[in-house]
Amino acid sequence: MNATPEKPAAARKAVMKKATAKKAVAKKSTPAAEQAPAKKTAAKKTAKTAAGKAPAKKAPARKPESRVAMVRRARRINRELAELYPYAHPELDFTNPFELLVATVLSAQTTDLRVNQTTPHLFAVCPTPEDMAAMPPEKLEELIRPTGFFRAKTKSLLGLSAALRDRFGGEVPGRLEDLVTLPGVGRKTANVVLGNAFGVPGITVDTHFGRLARRFGWTTAEDAEKVEADVAAIFPKSEWTMLSHRVVFHGRRVCHSRKPACGACAIAPLCPAYGEGETDPEKAKKLLKYELGGRPGQRLKPPADYPGRPAPPMAPPVAAS
């Protein structure tokens, strides 16, 4: 049987070249997903976070808010706070303008509770400006020592008492222009006295009010007078005093400085700062303070409609053994 004759070398080369060309065409027409499945798998793995979850999508940027929209939202917040705190009130115990003026001066750098626990004995000893102005400094220092900074506060109390005696006939004036001339009395103290002892509308910008006004987007200012002016331009004058109480109530009970209880906040849907604090409802509920947290308030003699418990009087000093 005869063997098949071998193809010439040139023919063999042509056949190999043709086969190589076919492979190249086939590779080129293959979909990218089929060519490199390993690369796709690697890409998927890269997209995973260290915790094994896909990275969270970025929250869409908040649209700029017009002035009109901000004012509407601000006034709605005020209405919601009014429903939440229908019993909002000044948290200093007082029975007349002089007591409120003194208590407000003492409240600097301390709690209203500490002031309320201190003033009953103070006012029993010196109930009038004349009595306080005649008090020896060292005696007054001892009476107000629990409120802290007692030397500076003593100087202010003696100065304002003497001014009331000498310039205002022993009466607290009912005008802001007069009040701010008294030693130790600024706009905040004057507005507290005017709004709560004389019924003159005023915005009280303390640390709580300033913090919430910025979180609510009502102002970006840090200066108290600028905050007051910005907020006053948003709300009608008739709302100023009660707005101050409601915002301060909310700041002390819910919207804390370090850890706001966002998950237990009734106005969370209206707040641009939602999420700065605890958003889990159960955890947030544990952060609530005073009557909302089932604990006593700050006043020893709260208003009749206050739903919480009165604060306890100051414990007597422990006798040395």
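Quick note: structure is the one above.
Since the model is a prediction, treat every value here as computed from it, not as a measurement. Position numbers for residues count from 1 along each chain, tracking the sequence in the order it is written. In keeping with the predicted nature of the model, local features appear solely for residues at pLDDT of at least 70, side-chain atom pairs appear and are counted solely at 80 or more, and the whole-chain, interface and lining totals rest on all residues. Computation of side-chain values: all heavy atoms of the structure, hydrogens and water removed.

Engineer: Account for the packing of helix H4 (residues 67-84) against helix H14 (residues 240-253), naming residues and giving values.
Structural biologist: Helix axes use the C-alpha atoms of the stretch in contact, all axes being lines fitted to C-alpha atoms, and the angles between their N-to-C directions lie in the range 0 to 180 degrees. By the criteria applied, helices consist of DSSP H or I runs no shorter than four residues and strands consist of E runs no shorter than two, each listed in order from the N terminus. The contact between H4 and H14 brings their axes to 10 Å, and the two run at 70°. Compared by their axis directions, H4 and H14 come out roughly perpendicular. Where H4 approaches H14, its residues Asn78, Leu81, Ala82 and Leu84 are matched on the opposing element by Leu243, Arg246, Val247 and His250. By the convention adopted, Pro, Cys, Tyr, Trp, Phe, Met, Ile, Leu, Val and Ala count as nonpolar, Lys, Arg, Asp and Glu as charged, and the other residues, Gly among them, as polar. A per-class count over the contact of H4 with H14 returns five nonpolar, two polar and one charged. Angular relationships are summarised with four words: roughly parallel below 35 degrees, roughly antiparallel beyond 145, roughly perpendicular across 65 to 115, and oblique for the angles in between. What makes two residues a contact is simply this: any of their non-hydrogen atoms within 4.5 Å.

Engineer: Lay out the environment of Leu157 in plain terms, naming residues and giving numbers.
Structural biologist: Tracing the backbone through its elements, the reader meets Leu157 in helix H9 (residues 150-167). For the pair Leu157 and Leu140, spaced 17 residues apart in sequence, the C-alpha separation works out to 8.9 Å. The contact partners of Leu157, leaving out residues within four places of it in the chain, are Val102, Val105, Leu106, Met132, Leu140 and Ile144.

Engineer: Go over helix H8 (residues 137-144) with me, naming the residues and quoting the values.
Structural biologist: Turning to H8, its buried residues number three or more, namely Leu140, Glu141, Leu143 and Ile144. Buried residues of H8, viewed axially, fall in a sector of 165°; they line one side. The elements touched by buried residues of H8 are helix H5 (97-106), helix H6 (112-125), helix H7 (129-133) and H9. Here the term buried applies to any residue with accessible area under 20% of the maximum for its type, exposed to any over 50%, and partly exposed to those in between, with areas from a 1.4 Å probe on protein chains only. In this description, the arc belongs to the directions extending from the helix axis to the C-beta atoms.

Engineer: How would you summarise the nonpolar core if you had to cite specific residues and measurements?
Structural biologist: What makes a nonpolar core is a set of buried Ala, Val, Leu, Ile, Met, Phe, Trp, Tyr and Cys residues whose side-chain atoms join them at distances within 4.5 Å. Ranked by internal contacts, the top residues of the largest apolar core, which has 38 residues, are Phe209, Trp218, Val231 and Phe235. Secondary-structure elements contributing two or more residues to this core are H4, helix H12 (207-215), helix H13 (224-232) and H14. Ignoring anything within four residues of it in the chain, the contact list for Phe235 reads Ala74, Arg75, Asn78, Trp218, Trp240 and Leu243. Listed in part, the 32 residues of the second largest apolar core include Ala103, Leu140, Leu164 and Leu194.

Engineer: Which residues make up the side chain of Arg252, and what values do they have?
Structural biologist: Tracing the chain through its elements places Arg252 in helix H14. For Arg252, a relative accessible area of 14% corresponds to the buried category. In protein, a polar contact means a hydrogen-donor-capable atom and an acceptor-capable atom, both N or O and within 3.5 Å, with residues adjacent in sequence counting only if both atoms are side-chain atoms; elsewhere, any N or O pair within 3.5 Å suffices. A polar atom in the side chain of Arg252 sits 2.7 Å from the side chain of Glu91. If we skip the residues at most four places from it in the chain, Arg252 touches Glu91, Asp112, Asp206, His208, Lys289, Tyr290 and Gln298.

Engineer: Account for the packing of aromatic side chains, with residues named and values stated.
Structural biologist: Here a Phe, Tyr or Trp ring, Trp counted by its six-membered ring, pairs with any other such ring whose centre lies within 6.5 Å, and the pair is stacked when the planes are under 30 degrees apart, edge-to-face when over 60, and tilted otherwise. Taken as a whole and judged by the stated rule, the model has six aromatic pairs. On the basis of an interplanar angle of 70° and a centroid distance of 5.8 Å, the ring pair of Tyr85 and Phe249 is categorised as edge-to-face. With Tyr85 in the loop between H4 and H5 and Phe249 in helix H14, this residue pair connects regions lying 164 residues apart in the sequence. Looking at Phe249, the relative accessible area reads 1%, which means it is buried.

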